Amino acid sequence: MTPALIHLAAAPHSAPVTDWAGRIAWVVGLLVFVVFVYWLMRQGWKWRGTLQGDLPELPTAPADAGEPRLTLSGRYHGSTTAGQWLDRIVAHGLGTRSRVELTLTDQGLAVVRPGATDFFVPVTALRGARLEAGIAGKVLPEGGLLVVIWEHGGKQIDSGFRSDRAGEHPAWVEAIDRLSTEHTTEHSETEGAR
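Bear in mind the structure is a predicted one, so any value in this text is a computation, not a measurement. (Residues numbered from 1 in each chain as written. Predicted model: local features only at pLDDT ≥ 70, side-chain atom pairs only at ≥ 80, totals over all residues. Heavy atoms only, no water.)

Peer 1: Could you give me a rundown of the pairing of strand 5 (residues 119-122), with the residues and numbers involved?
Peer 2: Both strand 4 (residues 108-112) and strand 5 contribute to a ladder of four bridges, which runs antiparallel. Residue pairing across strands places A110 opposite F120, the latter belonging to strand 5. Joining the antiparallel neighbours strand 4 and strand 5 is a turn of six residues, in which G115 adopts a positive phi near 85°. (Pairing = 2+ DSSP bridges. Helix = DSSP H or I, 4+ residues; strand = E, 2+ residues; numbered from the N terminus.)

Peer 1: How would you summarise the side chain of R88 if you had to cite specific residues and measurements?
Peer 2: Residue placement: R88 occurs in strand 2 (residues 88-89). From its side chain, R88 meets the backbone oxygen of G95 in a polar contact 3.4 Å long. (Polar contact = N/O pair within 3.5 Å; in protein donor to acceptor, adjacent residues only side chain to side chain.)

Peer 1: Explain the nonpolar core residue by residue, including any values.
Peer 2: Considering soluble globular proteins, one finds that nonpolar side chains tend to be buried as a cluster. Core analysis: the largest hydrophobic core is formed by 28 residues, its most contacted members being L102, L104, L109, F119, V148 and W172. Elements with a minimum of two residues in this core: strand 1 (68-81), strand 3 (98-105), strand 4, strand 5, strand 6 (126-132), strand 9 (145-152), strand 10 (155-163) and helix 3 (169-193). For this core, the element with the highest residue contribution is helix 3, accounting for five residues. I135, L140, L145 and V147 belong to the second largest nonpolar core, which has five residues in total. (Core = buried A, V, L, I, M, F, W, Y, C linked by side-chain atoms within 4.5 Å. Buried < 20%, exposed > 50% of the residue type's maximum accessible area, 1.4 Å probe, protein only.)

Peer 1: How would you sum up the pairing of strand 3? Please name residues and give values.
Peer 2: Direction of pairing for strand 1 relative to strand 3: antiparallel, over a ladder of eight bridges. The residue bridging S73 from the neighbouring strand is E101, located in strand 3. As paired strands, strand 3 and strand 4 are joined by five bridges and run antiparallel to one another. Following the sheet pairing, T103 is matched in strand 4 by A110. Hairpin connection of strand 3 to strand 4: two residues between the antiparallel strands.

Peer 1: So, the environment of V173: which residues are in play, and what are the values?
Peer 2: Position of V173 among the secondary structure elements: in helix 3. Its relative accessible area of 14% is what places V173 among the buried residues. It is 8.0 Å that separates the C-alpha atoms of V173 and V148, two residues lying 25 residues apart in sequence. Setting aside its immediate chain neighbours within four residues, V173 contacts A129, R130, L131 and L146. (Contact = heavy atoms within 4.5 Å.)

Peer 1: Lay out a nonpolar patch on the surface with the relevant residues and their values.
Peer 2: The grouping of W20, I24, V28 and V32 at the surface amounts to a nonpolar patch, some 440 Å² of accessible area in total. Within the secondary structure layout, I24 lies in helix 2 (residues 20-51). (Patch = residues over 30% accessible without salt bridge, like charges linked within 9 Å, V, L, I, M, F, W, Y side chains within 5 Å. Areas by Shrake-Rupley, 256 points an atom, 1.4 Å probe, with all protein chains shown as cover. Salt bridge = Lys/Arg side-chain N within 4 Å of Asp/Glu carboxyl O.)

So, in structure tokens, the structure goes:
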């Protein structure tokens, strides 16, 4: 045997000992941190809802809303202050994402959301519609989101929807714009006749 091999054979070898207490402390610390961050996010959500507490209750659909002009099945992605796509509105369940069934009639827009609050946008509150790429944390391909502009409690709101068939979006923009324009024209003529 060479002296180098003798030296290696004589040197004591032991496997490194795992410091389980240290690892468990790190895991517990990480879990506490994640729970704390989640709690902070939840408190922020509640605080935003409190700040938006002046928003009145959402209107419900009338018993006879009329014949549907258009219907759509898809997803509701949230509502924001009009023109400010990151200023999410959470009051009255408007911040809850969900499946959605939209029905546009001569009286307005019925928004039915399984598992969330349904609401109705009267034709008097419709301000128009447009195609967008995103709203409040949801970004889609250009024109992948139908944004309906409406007014509630003196505040203009953008609500984002995505149809299961995105090719329907342009027809919805045209129909909502036409309906809101028709109502505005009728209202102006009625006011002018007085």
